[in-house]
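# Results of the structural survey
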Amino acid sequence: MTPVFRKINRLDVYGFSKWGKHTDPRYFQYNMDFDHTREYDAWYYMKQRLLFRKVYGLFEGNVIIGFVTLKHIRWLKGIAELGIAIDPSKTGKGYGTLLLESYLRYVFKTYPIHQMSLKVAHFNLRAQKSYEKVGFIKVGEVYAPYEEQGYKDIIMTQFSDQFDLIDGILYTRFFHMKIDRQKFID
């Protein structure tokens, strides 16, 4: 079955209940382990900010296998940031690259966005490879708080070479990457 790219609707997010689970604590924030429908609904409504976020997914049939969010949109400057997540049981199979290509083609054709950026952790080599495949380039790096602060002890126990714990906050290094509309289209 060929994966299909489309806008996510509220009922689609219940498909997260079928997603696999990451066993690496650095990726636990991508485990969509909600217990109640209100948590799925809250996630969906949080992602659906009309002017400032656009969320689309990649589907096999009616099953969501990944999503990408256009966020931090600066309409007047024509720039935005994206974030992506793939079902942990589907990683390493090219779905992330397919989702990125579909999304960039859609965004650059539909919206007055001429540059997309993202931030990726130094240790996330699989994601970096996928981003580079579609044309993103590294333009800088930053040392900043990690998005997920809930698993500090286990992360520091297993990955103290990649993180620092400063005043109770978990820090790591990130690459900033970007892609221009023209480069993607060419």
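The text that follows walks through the structure, step by step, so that each part is easy to find. (Residues numbered from 1 in each chain as written. Predicted model: local features only at pLDDT ≥ 70, side-chain atom pairs only at ≥ 80, totals over all residues. Heavy atoms only, no water.)

Here we come to the packing of aromatic side chains. Enumeration according to the criterion identifies 24 aromatic pairs in this entry. With 5.5 Å between their ring centres and 75 degrees between their planes, Tyr14 and Tyr40 make a pair best called edge-to-face. Of the two residues, Tyr14 is situated in the loop between β1 (4-7) and α1 (37-47) and Tyr40 in helix α1; the sequence distance between them amounts to 26 residues. With a relative accessible area of 7%, Tyr40 lands in the buried category. When the centroid spacing of 5.0 Å and the interplanar angle of 85 degrees are considered together, the rings of Phe34 and Tyr40 count as edge-to-face. Phe34 gets classed as partly exposed once you look at its relative accessible area, which sits at 23%. Between Arg6 and the ring centre of Phe59, over which it is positioned, the NZ or CZ distance is 3.8 Å. (Phe/Tyr/Trp six-rings, centres within 6.5 Å; stacked < 30°, edge-to-face > 60°. Helix = DSSP H or I, 4+ residues; strand = E, 2+ residues; numbered from the N terminus. Buried < 20%, exposed > 50% of the residue type's maximum accessible area, 1.4 Å probe, protein only. Lys NZ or Arg CZ within 6 Å of the ring centre and 35° of its normal.)

All chains considered together, the criterion is met by 5 salt bridges. Close ionic contact of Arg10 with Asp41 constitutes a salt bridge, the shortest N to O distance being 3.1 Å. Of the two residues, Arg10 is situated in the loop between β1 and α1 and Asp41 in helix α1; the sequence distance between them amounts to 31 residues. Its relative accessible area of 29% is what places Arg10 among the partly exposed residues. (Salt bridge = Lys/Arg side-chain N within 4 Å of Asp/Glu carboxyl O.)

Here the focus is unusual backbone geometry. In the Ramachandran plot, His72 falls in the positive-phi region, its phi being about 50 degrees despite a non-glycine side chain. Notably, Asp167 is not glycine yet its phi reads approximately 50 degrees, a positive angle. With relative accessibility at 78%, the residue Asp167 sits in the exposed group.

The calculated volume of the largest pocket comes to roughly 1200 Å³. In terms of lining, the largest pocket is formed by 46 residues, of which the most central are Tyr30, Gly83, Ile84, Ala85 and Tyr131. The set of elements that each furnish at least two residues to the lining of the largest pocket consists of α1, β3 (63-74), β4 (79-86), α2 (95-110), β5 (115-121) and α3 (125-134). Its residues assigned to classes, the lining of the largest pocket comprises 21 nonpolar, 13 polar and 12 charged. (1 Å grid on protein atoms, 1.4 Å probe; cavity = no way out; pocket = protein on both sides within 12 Å on 5 of 7 lines; lining within 4 Å. Points joined across faces, edges and corners; volume = space filled by probe spheres on them. Nonpolar A, V, L, I, M, F, W, Y, C, P; charged D, E, K, R; others polar.)

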